[in-house]
Amino acid sequence: MTGNAQGPTGAFTDEEERLHAEGFAAINAAMAAGLAFDAACARIDVADPDLRRIIIDDFLKVTIAQRHFQGGESTEQVAGALGIPVERVEFARKEMLAEVAAASVDVFRRQSGQGADA
């Protein structure tokens, strides 16, 4: 990734955004063709290992959000559908919850005038 890819706002460059979208599309297409998640992720055509990791992590988290949080599937069902260990889904789910908690604290601090370092 370029030096400013995950700047203060966490935004991607236009090129990284394009590669991210293409990565999601590649994973979706490969899984629709019957590949398990890791095999589908191997289809991502991104040279930057950091961006590749972000795409895979994001796809997994979006899938968990859609299937588990919105769809009501258990983490075991999500793991089974993706062909990955349930521990990996649980780890990503816990990471998601921690990210939401951290973002909530940050918003509270900014809205209450305490600043990010309070």
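Small disclaimer: the values here were computed from a predicted structure and weren't measured.

(A) Just the pattern of salt bridges, in detail. In this structure the tally under the stated criterion is 9 salt bridges. Of the charged contacts in the structure, one is a salt bridge between R18 and E15, with a shortest N-O distance of 2.4 Å. Remark: E15 and R18 occur in helix 1 (residues 14-32); sequence separation between them is 3 residues, near one turn of the helix. We note a salt bridge from R93 to E90, for which the minimum N-O separation is 3.2 Å. With R93 and E90 both in helix 5 (residues 86-111) and 3 residues apart, this pair spans about one turn of that helix. Put simply, E15, R18 and E22 are held in one network by salt bridges that share partners.

(B) Main features of the side chain of T75. Along the polypeptide, T75 turns up in helix 4 (residues 75-82). Given the relative accessible area of 5%, T75 is considered buried. In this structure the side chain of T75 is engaged in a polar contact, spanning 2.7 Å, whose partner is the side chain of E90.

Procedures and definitions
Residues numbered from 1 in each chain as written. Predicted model: local features only at pLDDT ≥ 70, side-chain atom pairs only at ≥ 80, totals over all residues. Heavy atoms only, no water. Salt bridge = Lys/Arg side-chain N within 4 Å of Asp/Glu carboxyl O. Helix = DSSP H or I, 4+ residues; strand = E, 2+ residues; numbered from the N terminus. Buried < 20%, exposed > 50% of the residue type's maximum accessible area, 1.4 Å probe, protein only. Polar contact = N/O pair within 3.5 Å; in protein donor to acceptor, adjacent residues only side chain to side chain.

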